Amino acid sequence: MSLGPYLLRRFGGLLLVLLVTSFLVFGLLYLAPGSPLAFILGPRGGTPEQIAAVTEQYHLNDPFFVRYAAWLGDILRGDLGYSIVYRQDVSALISSRVGTTLALVSLAAIIISVVGIAVGTFAALRGGWSDQLTSTLAAIGLSTPSFVIGVALISVFAVGLGWFPTFGSGTGGVDTLWHLTLPALALSVASAAYLARITRAAVLEESGREHVQTATVRGLATGHIVRHHVLRNSLIPIVTVLGLTIATLIAGAVVVENVFALDGLGSLLVRAILQRDFAVVQAVILVLVVAFVVVNAIVDFLYTFIDPRIALGSRQ
Amino acid sequence: MTIPSTTSLAVADVVRERRVRPGFARTTIERLGTVGCIAAGVLLVIALAATFAPIVAPYDPDFPDLLASLSGPSPAHLLGADALGRDILSRLIWGARITLAGPGLVILIATVVGVLLALLAAWRGGRVDTAISWLLDVLFAVPGIVFGLIAVAIWGPSLATVVGGLAIAYVPYVARVVRGAALRERNMPYVSAAWLQGHSGTGITFTQILPNVQPIVVAQAVSSLGFAVIDLAAVSFLGLGVQPPTADLGLMVKSGFDSVLRGQPIEAIAAGSLIVVIVWCVTIIGDRLTSSARSIR
């Protein structure tokens, strides 16, 4: 398949999945017990103006599918609704918090790729007891929930040693990086351990291949062989796992942001759930799911650039 | 009419003969290996202690001994007491109950639903298969823990809501693997043989294909259990799952976190480590079962 039609098909599939998930997120309101109006206004009751506003925002006087189309239209125009608790537009709430989550996830992704690939390659090439040790550590890292690591990191490095701040996301620039270091570490451990495991297996398999033997016999430097022959060929499983991991980080951030009291999307979501602020819940879940789906699609597309042997659209 | 009946008799004999195999305990031990057996042993001890919590736990998990509040280990309280003076060891034992039973229920529901969907997709093929695979793709498009959060957002925070939400999240993980395995079995000659003998599709699926994919089902269920433990504990930690004062390991990490800031880390360390030990054991067993299920074919 050539690039144009492939991209078109891929993009079409992506749009379809997004359409279905948006419909599911929209449908959530109608799964809730009681009438949508009572559910949104909750125990707060509501003044006639509020009732009118909610009815207008959710188009409650229209038939079901007209409601969905209108809701989707609002979202595409950037109108994510109005938060009853914050008395603010949801899009404003989200845009002021998306930066923190994005920074947290990016920092964690960098840590995961550097540590995961380095440790995995080291374990595979060194073998022996250092391999045993890293495999054991990886197994423990994989079994530890991010919030446990977060609590441990705060106890040791923030409360005990006082090297890092305990809470909050800082005032920007280096200060933010400083505040986000521990959260990003907490978010990375399990995924880095998993990536290390996958890298180790891939590198082990690749370094047993004949082309590597040939390179060794030709007298190429070990570093060159590892970088250009072994790692280059092990990239497919590594990038697959890395991509899936970054997608799951988006959900993992929900937990970590709450441990470290960061003002990101995750803490907004949890607070909104507890306060029954439905417009915010709906919007944040939609943003998380869209980000998750889009990242997965990008990874899928990247395969073809990493390994030209893979034909566009085939999955091997 | 004698010929068909003898044929089916012979087949029945073969089927009966295949069922004579080394005992369940012995094959399981062989599949697990040394490390896997140790992990299974540790998990068994934790599970037994949790099951018999009313007998094993030294104190009532909810009894506040305010004089012992935030005290360290002592002969009276082996692991000390939490901020409200409740015995930490007793709360760990009671907490392990929910931490094992909740995710167990999640995986049980997800496995039953996932296996039924997978077998249906594999047997019917065609449009049914396309529709089911597409449904699984959509479910995959939502990260697991988000299902738990969505359920809580609609039906309010409680263990039951989170278990329901997470069960849906784990269906595609079971279904996709089992569908692949069942498709492979479906194309085997023994399935066509059974079909030619006039067995029904449902009969073949449940008496022939299901027993043959069973090792993969079990391996996938156990592997997913580890992730379910983490997800459920995380949701409780966020305050959206199990509600206080019920003893739960995720909640204990949270309340222990407040005690850490007041200089007493034991509760957080104990509850956090118990979660890690449980997940580690489950993951090891899952890994062993997965690799032995792969090597069978």
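Fair warning: this is a prediction, and the values are worked out from it, not measured in the lab.

So, how was this worked out
- Residues numbered from 1 in each chain as written.
- Chains lettered and ligands numbered in written order.
- Predicted model: local features only at pLDDT ≥ 70, side-chain atom pairs only at ≥ 80, totals over all residues.
- Helix = DSSP H or I, 4+ residues; strand = E, 2+ residues; numbered from the N terminus.
- Buried ≥ 20, exposed ≤ 12 C-beta atoms within 10 Å, placed from the backbone.
- Contact = placed C-beta atoms within 7 Å.
- Axes fitted to C-alpha atoms, helices over the stretch in contact; angles between N-to-C directions.
- Left-handed = near helix turned anticlockwise from the far one by under 90°.
- Nonpolar A, V, L, I, M, F, W, Y, C, P; charged D, E, K, R; others polar.
- Domains from an automatic or database assignment.
- Core = buried A, V, L, I, M, F, W, Y, C linked by C-beta atoms within 7 Å.
- Expected span 1.5 Å × (residues − 1).
- pLDDT = per-residue confidence, 0-100.
- Parallel < 35°, antiparallel > 145°, perpendicular 65-115°, else oblique.

1. Points about the overall build of chain B
Phase 1 of the analysis: Secondary structure summary: chain B contains 11 helices and zero strands in total.
Phase 2 of the analysis: When the helices and strands of chain B are read in sequence order from the N terminus, they spell out α-α-α-α-α-α-α-α-α-α-α.
Phase 3 of the analysis: Dimensions along the principal axes, computed over C-alpha positions, put chain B at roughly 85 × 45 × 30 Å.
Phase 4 of the analysis: Residues classed as buried in chain B amount to 45% of the 297 residues present.
Phase 5 of the analysis: Residue pairs in contact within chain B that sit at least 24 positions apart in sequence constitute 68% of those at least 6 positions apart.

2. Observations concerning the overall build of chain A
Phase 1 of the analysis: When its secondary structure is counted, chain A shows 12 helices and two strands.
Phase 2 of the analysis: Helices and strands appear in chain A in the N-to-C order α-α-α-α-β-β-α-α-α-α-α-α-α-α.
Phase 3 of the analysis: Out of the 316 residues belonging to chain A, those deemed buried represent 38%.
Phase 4 of the analysis: Contacts in chain A between residues at least 24 apart in sequence constitute 70% of all its contacts with a sequence separation of at least 6.

3. What to know about the packing of helix α8 (residues 189-196) of chain B against helix α9 (residues 201-237) of chain B
Residues and elements named next belong to chain B.
Phase 1 of the analysis: Running from N to C, α8 and α9 cross one another at 145°; their axes reach a closest spacing of 11 Å. Where α8 crosses over α9, the handedness of that crossing is right-handed. Facing α8, whose interface residues are Y190, V191, A194 and W195, α9 presents I204, Q208 and I209.
Phase 2 of the analysis: When grouped by side-chain class, the residues that make up the contact of α8 with α9 number six nonpolar, one polar and no charged.

4. What to know about the domain arrangement of chain A
All names here are of chain A.
Phase 1 of the analysis: Taken domain by domain, chain A holds domain 1 (3-90) and domain 2 (97-306).
Phase 2 of the analysis: The distance between the C-alpha centroids of domain 1 and domain 2 comes to 32 Å.
Phase 3 of the analysis: Across the boundary between the two partners, domain 1 contributes 19 residues, which contact 15 residues of domain 2.
Phase 4 of the analysis: Where the side of domain 1 that touches domain 2 is concerned, the elements lending two or more residues are α1 (3-31), α2 (36-41) and β1 (82-83).
Phase 5 of the analysis: Top contributing element to the side of domain 1 that touches domain 2 by residue count: α1, with nine residues.
Phase 6 of the analysis: Within the side of domain 1 that touches domain 2, the residues separate by chemical class into 13 nonpolar, five polar and one charged.

5. Describing the environment of A:S91
Residues and elements named next belong to chain A.
Phase 1 of the analysis: Locating S91 in the fold gives a position in helix α5 (residues 90-126).
Phase 2 of the analysis: Linking S91 and V284, residues 193 residues apart in sequence, is a C-alpha distance of 9.6 Å.
Phase 3 of the analysis: Setting aside residues no more than four positions away along its own chain, S91 makes contact with G78, D79 and L80.

6. Topic: the interface of chain B and chain A
Accessible area lost during the coming together of the parts is what is often quoted as the interface size.
Phase 1 of the analysis: The interface of chain B with chain A comprises 31 residues on the first partner and 34 residues on the second.
Phase 2 of the analysis: Here the side of chain B that touches chain A is built from residues that sort into 27 nonpolar, four polar and no charged.

7. Details of the nonpolar core
Residue and element names in this part refer to chain B.
Phase 1 of the analysis: Formed by 168 residues in total, the largest nonpolar core has its most connected members in Y170 and V178.
Phase 2 of the analysis: Looking at this core element by element, the count peaks at 18 residues for α9.
Phase 3 of the analysis: Filtering out sequence-adjacent residues up to four positions away, Y170 remains in contact with V106, I107, A110, S224 and A228.

8. Side note on unusual backbone geometry
Phase 1 of the analysis: In the segment running from B:P244 into B:P245, the intervening peptide bond is cis, with an omega of 10°.
Phase 2 of the analysis: The topology assignment puts B:P245 in the loop between α9 and α10 (249-261).
Phase 3 of the analysis: A positive phi is found at A:A261, a non-glycine position, where the angle reads about 50°.
Phase 4 of the analysis: Along the chain, A:A261 falls in the loop between α10 (222-259) and α11 (265-274).
Phase 5 of the analysis: With 12 C-beta atoms counted inside 10 Å, the residue A:A261 sits in the exposed group.

9. Notes on helix α6 (residues 128-143) of chain A
Phase 1 of the analysis: In a regular helix each residue adds 1.5 Å, so 16 residues correspond to 22 Å; α6(A) covers 23 Å between its end C-alpha atoms and thus fits that length.
Phase 2 of the analysis: Burial in α6(A) covers these residues: A:T134, A:A138, A:G141, A:L142 and A:S143.

10. Considering the confidence of the model for chain B
Residue and element names in this part refer to chain B.
Phase 1 of the analysis: In this model, chain B carries a mean pLDDT of 84, and residues with pLDDT of at least 70 account for 92%.
Phase 2 of the analysis: Ignoring residues within four places in sequence, the model shows residues 1-9, a span with pLDDT below 50, making one contact including any to other chains.
Phase 3 of the analysis: Of the two predicted TM-score estimates for the complex, the pTM is 0.85 and the ipTM is 0.83.

11. What about the environment of B:T283?
Phase 1 of the analysis: Its place among the elements puts B:T283 in helix α11 (residues 266-296).
Phase 2 of the analysis: Along the backbone, B:T283 and B:V163 are 120 residues apart, and their C-alpha atoms lie at a distance of 20 Å.
Phase 3 of the analysis: Not counting chain neighbours up to four residues away, the residues in contact with B:T283 comprise A:A139, A:L142, A:S143 and B:G226.

12. Re the packing of α9(B) against α10(B)
All names here are of chain B.
Phase 1 of the analysis: Running from N to C, α9 and α10 cross one another at 45°; their axes reach a closest spacing of 7 Å. Our classification of the angle between α9 and α10 gives oblique. For the crossing formed where α9 meets α10, the hand is right-handed. Contact residues: α9 offers A233, A234, S236 and F237, while α10 offers L249, G250, L251, V253 and K254.
Phase 2 of the analysis: Of the residues belonging to the contact of α9 with α10, the class tally is six nonpolar, two polar and one charged.

13. Some details on the environment of B:L117
Residues and elements named next belong to chain B.
Phase 1 of the analysis: Relative to the helices and strands, L117 is located in helix α4 (residues 88-124).
Phase 2 of the analysis: Its 22 C-beta neighbours within 10 Å are what place L117 among the buried residues.
Phase 3 of the analysis: When residues no more than four places from it in sequence are discounted, the contact partners of L117 are I132 and A175.

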